[in-house]
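Now for the letters of each chain:
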Amino acid sequence: MTNSDCYTTLSTPCEGVLLKEKSSKFFGYTFPVETEEEVKQIIIELRKKHENAVHFCYAYQLGTTIKKHRVNDDGEPSNSAGMPIYGQILSYNLTNVLVVVVRYFGGTKLGVSGLITAYKTTAKMAIEISEIIEKTIDVRLQINFDYKNINKVMRIIKEKKLTILDQKMEFDCQIVISTRKNNSYDIYDLFSSIYDVTIKNIS
């Protein structure tokens, strides 16, 4: 990535990848996610869809500036499934993403090395057919001001093409705006320079 306020993720969920290895079937799925609750719900839905599958192994990474991840082998030998999947997430420099590989056991054991290869390959195939996109890291700023300053505030918002997320226009006004991280410092200074106008980061 060339910009410090950008990150790489997926545009939409993707499924349909199938890998067959010694009678076992591996189904690969990718999902853009932002919370652990989303991850839990997706796993629940996949378990309903694949009632006869044996293992639901996955890895996810969340966050932009501060990232956290988790891997799950779901009964496979330690580090034979979740970590190979996570390795592919790292290879493509993705975040806010979940990759799940569902396995139907075919009766023949693959061994740890065989499992690592199968889960890694399925994850790679699933990511490769997904649409990878770049997004900006945005911050939210809250502006407080008297109504008499509304024209000054709105002029900056219009000139800088800032996104208004919420607003309260009374005697004491409040507007919440969104802007990409690299622009936020200049925006902060602009509003701070106006007398009787306060601004704070609420991201």
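One can find the structure itself at the top, above this paragraph.
## Examining the environment of E128
Here is step 1: Take E128: it is sitting in helix α3 (residues 111-128).
Here is step 2: For E128, a relative accessible area of 47% puts it in the partly exposed group.
Here is step 3: When the C-alpha positions of E128 and Y92 are compared, they lie 9.2 Å apart, and in sequence the two are 36 residues distant.

## Notes on the packing of aromatic side chains
Here is step 1: By the definition in use, this model includes four aromatic pairs.
Here is step 2: Judged by centre distance (5.1 Å) and plane angle (85°), the rings of F26 and Y119 are edge-to-face. Taken together, the residues F26 in strand β3 (residues 24-32) and Y119 in helix α3 connect sequence positions 93 residues apart.
Here is step 3: The class for F26 is buried, based on a relative accessible area of 0%.
Here is step 4: Residue Y119 is classed as buried on the basis of its relative accessible area, which comes to 0%.
Here is step 5: Ring centres 6.4 Å apart and planes at 10° place the aromatic pair Y58 and Y60 in the stacked group. Like Y58, the residue Y60 is buried in the burial classification.

## A look at the sheet that holds strand β2 (residues 14-21)
Here is step 1: Pairing in this open sheet of five strands is antiparallel, and the strands run β2-β3-β6-β4-β5 from one edge to the other. The open sheet has two free edges, formed respectively by β2 and β5 (68-72), since each of these has just one partner strand. On average, adjacent strands in this sheet sit at an angle of 15° to one another, irrespective of strand direction.
Here is step 2: Pairing of β3 with strand β6 (residues 97-104), which is carried by eight bridges, proceeds in the antiparallel orientation. Considered in β6, the bridge of G28 is made with V101.
Here is step 3: Sheet contacts for helix α1 (residues 36-49): β2, β3, β4 (55-62), β5 and β6; angle to β4, the most-contacted strand, approximately 160°.

## So, the sheet that holds strand β11 (residues 197-201)
Here is step 1: The four strands lie next to each other as β9-β10-β8-β11, forming an open sheet whose pairing is antiparallel. The sheet is open, and its two edges are formed by β9 (163-168) and β11, each paired on a single side. Strand-to-strand twist of the sheet, defined as the mean angle between neighbouring strand axes without regard to direction, takes the value 20°.
Here is step 2: Taken together, the nine bridges between strand β8 (residues 138-146) and strand β10 (residues 172-180) define a ladder with antiparallel strand orientation. Within β10, the residue paired with Q142 across the bridge is V176.
Here is step 3: With respect to the sheet, helix α5 (residues 181-192) is in contact with β8, β10 and β11, its orientation differing from that of β10 by roughly 150°.

Each value, and the rule that gives it
- Residues numbered from 1 in each chain as written.
- Predicted model: local features only at pLDDT ≥ 70, side-chain atom pairs only at ≥ 80, totals over all residues.
- Heavy atoms only, no water.
- Helix = DSSP H or I, 4+ residues; strand = E, 2+ residues; numbered from the N terminus.
- Buried < 20%, exposed > 50% of the residue type's maximum accessible area, 1.4 Å probe, protein only.
- Phe/Tyr/Trp six-rings, centres within 6.5 Å; stacked < 30°, edge-to-face > 60°.
- Pairing = 2+ DSSP bridges.
- Axes fitted to C-alpha atoms, helices over the stretch in contact; angles between N-to-C directions.
- Contact = heavy atoms within 4.5 Å.

Take it as geometry only, folks, not as evidence of what the structure does.
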